[in-house]
Amino acid sequence: MNRPLSENQLGELPLNETAQATALKTADDYANSAAADYANDPSIDRAPDRLESTMQHRTEASVFDVSLGKVYVVLPAYNEEAGLPELLLEIKKVFAINGREYEVIVVDDASTDDTAKVASQASFHMPVNLVQHEVNQNLPGALRTGFLTALKLSEDHDIIVTMDGDNTHPPAIINALLQRISERYDVSIASRFQNGSRVIGVPWTRVITAFGARMMFKMIMPIPGVRDYTCGYRAYRTYALREAVEFYGDEFVSEKGFSCMADVLLKMRRFKFVFGEVPMLLRYDQKEGGSKMAVIKTIMQTLGLLLKRRFGGY
């Protein structure tokens with residue numbers, strides 16, 4: 001049975017002054033490390049003119065106070081009528097408590113159930129923007145639509161959060177992701193490999209897939225500050241995401257299947273963005289219906305992606 005999260009779980013996660021100073025120093029250290037990796041990585045086609053332009057924009061945008069910005073929550077959804085109502089309710093609770101302005105973007109990927117109806121009904125009591133695909137485009141297409149919709153609506157000082165639409169990602173973690181962004185991280189990831197993380201009810205095949213992906217990325221194309229490369233529960237500074245999308249255009253989300261989430265990080269890796277993580281609670285026991293991931297296919301796609309990006313460039 002699905003149980004609502006407590007108010008304690010939904011509360012904000014403030015830092016004291018000492019912890020805040022430590023966090024800012026850590027973010028700066030990561031930035032310096034990322035810059036060194038970028039300079040020495042032969043797999044990156046630098047396109048210097050465009051990169052210089054985006055780096056200048058990043059410097060100007062970084063002065064914005066993200067605590068004043070709006071949060072856009074992107075939910076790719078395919079046949080999620082069972083889990084979506086409770087997920088939307090819990091998201092509403094999170095923002096009712098933390099007081100942040102927000103909007104949920106539900107991308108209905110041509111569902112054959114009442115996913116669109118659920119989102120439409122929710123819009124009467126919370127800010128929900130329903131975007132519908134006439135033809136199923138799978139996760140990459142839904143993610144691309146969500147990104148583009150959020151970027152069209154948002155300002156550079158806003159934050160864009162992506163999470164699964166099947167109610168396996170507890171919305172309370174949004175607060176921790178936002179806290180990381182306020183500490184000057186550009187991308188914050190809910191990680192299954194941080195101390196304090198837990199996964200409940202996850203099939204062993206998916207656990208092995210996630211662990212194997214982590215090892216492959218660590219050996220072939222590591223990103224400073226990242227342990228979990230495939231989890232889609234993330235927060236992005238809008239200006240960082242906008243730079244990457246403008247740089248790559250339609251190729252920003254180009255991979256097929258679930259490996260598209262890893263490819264997004266790899267493409268953002270070429271910029272001097274600062275990546276960080278927070279502990280993840282993955283409640284797979286709350287998922288209605290079976291997994292949409294083909295494990296063997298995803299493993300092969302991820303390995304192929306790594307080799308392509310490492311030796312074929314970006």
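Residues numbered from 1 in each chain as written. Predicted model: local features only at pLDDT ≥ 70, side-chain atom pairs only at ≥ 80, totals over all residues. Heavy atoms only, no water.

Draft legend 1. The overall build of the protein chain, seen in detail. Broken down by element type, the protein chain carries eleven helices and nine strands. Counting the 314 residues in the protein chain, one finds 54% classified as buried. Total accessible area on the protein chain is roughly 14,200 Å²; 53% of this is exposed by carbon and sulfur atoms. (Helix = DSSP H or I, 4+ residues; strand = E, 2+ residues; numbered from the N terminus. Buried < 20%, exposed > 50% of the residue type's maximum accessible area, 1.4 Å probe, protein only. Areas by Shrake-Rupley, 256 points an atom, 1.4 Å probe, with all protein chains shown as cover.)

Draft legend 2. Seen up close, helix α5 (residues 115–122). Those residues of α5 that sit buried are T115, A116, V118, A119 and A122. Along α5, the residues classed as buried sweep out an arc of 160° about the axis, all on the same side. The inward-facing, buried residues of α5 abut β1 (71–77), α4 (84–98), β2 (102–108) and β3 (128–132). (Arc of directions from axis to C-beta. Contact = heavy atoms within 4.5 Å.)

Draft legend 3. Unusual backbone geometry, seen in detail. The residue N138 is not glycine, and still its phi comes out positive at about 65°. Of note, N138 is situated in helix α6 (residues 138–153). Although it is not a glycine, R184 adopts a positive phi angle of roughly 85°.

Draft legend 4. Representation of the nonpolar core. The biggest cluster of nonpolar side chains holds 38 residues, and the ones touching the most others in it are L241, F252 and M268. Taken together, the elements giving at least two residues each to this core come down to β1, β2, α6, β5 (187–191), α9 (238–248) and α10 (260–269). Setting aside chain neighbours within four positions, we find M268 in contact with V187, Y236, A240, L241, A244, F252, F273 and F275. If you look at the next biggest cluster of nonpolar residues, it comprises 35 residues, including L88, F95, V118 and A235. (Core = buried A, V, L, I, M, F, W, Y, C linked by side-chain atoms within 4.5 Å.)

Draft legend 5. Layout of the packing of aromatic side chains. If you walk through the whole model with that rule in mind, you get seven aromatic pairs. Consider the rings of F147 and Y236, whose centres lie 5.7 Å apart with planes at 90°: the pair is edge-to-face. With a gap of 89 residues between them, F147 in helix α6 and Y236 in strand β7 (residues 234–237) connect regions that are remote in the sequence. Exposure remark for F147: the relative accessible area of 1% places this residue in the buried category. Here the guanidinium or amino end of K267 rests over the ring plane of Y248, the centre of that ring lying 5.6 Å away. (Phe/Tyr/Trp six-rings, centres within 6.5 Å; stacked < 30°, edge-to-face > 60°. Lys NZ or Arg CZ within 6 Å of the ring centre and 35° of its normal.)

Draft legend 6. Inspection of α4 at higher detail. Spanning 15 residues, α4 covers 21 Å between terminal C-alpha atoms, matching the ideal 21 Å at 1.5 Å per step. Downstream of α4 by a residue or two, G99 has a phi angle that is positive, lying close to 75°. (Expected span 1.5 Å × (residues − 1).)

Draft legend 7. View of the pattern of salt bridges. With the rule as written, the count across this model stands at eight salt bridges. Measuring nitrogen to oxygen at the nearest pair gives 2.6 Å for the salt bridge that ties D228 to R192. Here D228 is found in the loop between α8 (204–220) and β7, whereas its partner R192 is found in the loop between β5 and β6 (198–200), with 36 residues between them in sequence. The burial state of D228 is the same as that of R192; both residues are buried. One continuous salt-bridge network, built from bridges that share partners, spans K70, E101 and E103. (Salt bridge = Lys/Arg side-chain N within 4 Å of Asp/Glu carboxyl O.)

Draft legend 8. The pairing of strand β8 (residues 275–279), seen in detail. Counted residue by residue, β8 has four buried out of five residues, so it is predominantly covered. Where β5 and β8 come together, five bridges link them in parallel fashion. Each residue of the ladder has a partner; that of A190, found in β8, is V278. (Pairing = 2+ DSSP bridges.)

Draft legend 9. Region of interest: the confidence of the model for the protein chain. Chain-level statistics for the protein chain give a pLDDT mean of 80 and a share of 68% at 70 or above. Within the model, the stretch residues 1–26 combines pLDDT values under 50 with 42 contacts to residues more than four positions away or in other chains. Confidence drops under pLDDT 50 across residues 42–50; counting only partners more than four residues distant or on other chains, this segment forms 21 contacts. (pLDDT = per-residue confidence, 0-100.)

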